[in-house]
Amino acid sequence: MEDVVGKITSERGVELRPLFDYIHDMDATQLANLFLTRWHQDQQAFRMLFLEMGAPELSQETSLHLEYEAHRAFSQLTNLGEVMTPSEFEGVFNAVFGFDEFTLSPGVPDLLVWLPKSSPNCWFFVEVKAHGDYLSHAQKKWLRSNWGLVCGHYLLALLE
């Protein structure tokens, strides 16, 4: 509750700092260290939660697999952040998500594609349509509302 009412402490502000800010302020080694630090903190919290619920201790193999998958997801996020400028990233986030981070905005395209570490930077939305299918009213509205962001970053793919 203290994060949404009144001022937050400077320490909490650092904790709440978006990953995107870290991506452009750190090199790859620093980002990997950030992931490992956070992963070990989160892993301890999850372990305690599982044990409180009566779940068995995770095996070493399961723990390693979870760390691998978490690092893969983290790497994908950092790669996306490297490809986009801060304003593009914020624009895409606001265009894709509605009121909260768990609800997609009506009319959002099917895919967001990016080419990690490409030169020049490359990302775009893809809307996939079958033969005879058309953009819905919500998709046209989303496209008009976000044209400044997606102009040059939108592909309409027709499947035969």
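Described below are features of the structure shown in this document. Note that the coordinates shown come from a computational prediction; the quantities given were computed from them, not determined experimentally.

Observations concerning the pattern of salt bridges
Taken as a whole, this structure holds 3 salt bridges when the rule is applied. For the salt bridge of Glu69 with Arg72, the shortest nitrogen-to-oxygen distance reads 2.8 Å. Highlighted residues: Glu69 and Arg72, both in helix H4 (residues 60-83), separated by 3 residues, approximately one helical turn. Glu69 sits in the partly exposed class, given a relative accessible area of 27%. Classification of Arg72 by relative accessible area gives partly exposed; the value is 40%. Measuring nitrogen to oxygen at the nearest pair gives 3.9 Å for the salt bridge that ties Lys129 to Asp133. Among the residues examined, Lys129 registers a relative accessible area of 7% and is labelled buried. Beyond isolated ion pairs, a larger network of salt bridges with shared partners links Glu127, Lys129 and Asp133.

Let's talk about the side chain of Asn79
With respect to the secondary-structure elements, Asn79 resides in helix H4. For Asn79, a relative accessible area of 18% translates into the label buried. Beyond its immediate sequence surroundings of up to four residues, Asn79 is in contact with Trp114, Pro116 and Lys117.

Some remarks on the packing of aromatic side chains
What describes a pair of aromatic rings is the distance from one ring centre to the other and the angle between the planes of the rings. Under the counting rule described, the total for this entry stands at 3 aromatic pairs. The interplanar angle of 45 degrees and the centroid separation of 5.0 Å between the aromatic rings of Phe93 and Phe97 together place this pair among those described as tilted. The class for Phe97 is partly exposed, based on a relative accessible area of 26%. The structure contains a cluster of three or more aromatic residues connected by ring pairs, namely Trp123, Phe125 and Trp142.

Overview of the pairing of strand S1 (residues 111-115)
Across 5 bridges, S1 lies against strand S2 (residues 122-130) in antiparallel orientation. By the bridge assignment, Leu112 is partnered in S2 with Phe125. With antiparallel pairing between neighbouring strands as the criterion, S1 and S2 make up a hairpin whose turn holds 6 residues, including Lys117 at a positive phi of roughly 55 degrees.

Calculation criteria
Residues numbered from 1 in each chain as written. Predicted model: local features only at pLDDT ≥ 70, side-chain atom pairs only at ≥ 80, totals over all residues. Heavy atoms only, no water. Salt bridge = Lys/Arg side-chain N within 4 Å of Asp/Glu carboxyl O. Helix = DSSP H or I, 4+ residues; strand = E, 2+ residues; numbered from the N terminus. Buried < 20%, exposed > 50% of the residue type's maximum accessible area, 1.4 Å probe, protein only. Contact = heavy atoms within 4.5 Å. Phe/Tyr/Trp six-rings, centres within 6.5 Å; stacked < 30°, edge-to-face > 60°. Pairing = 2+ DSSP bridges.

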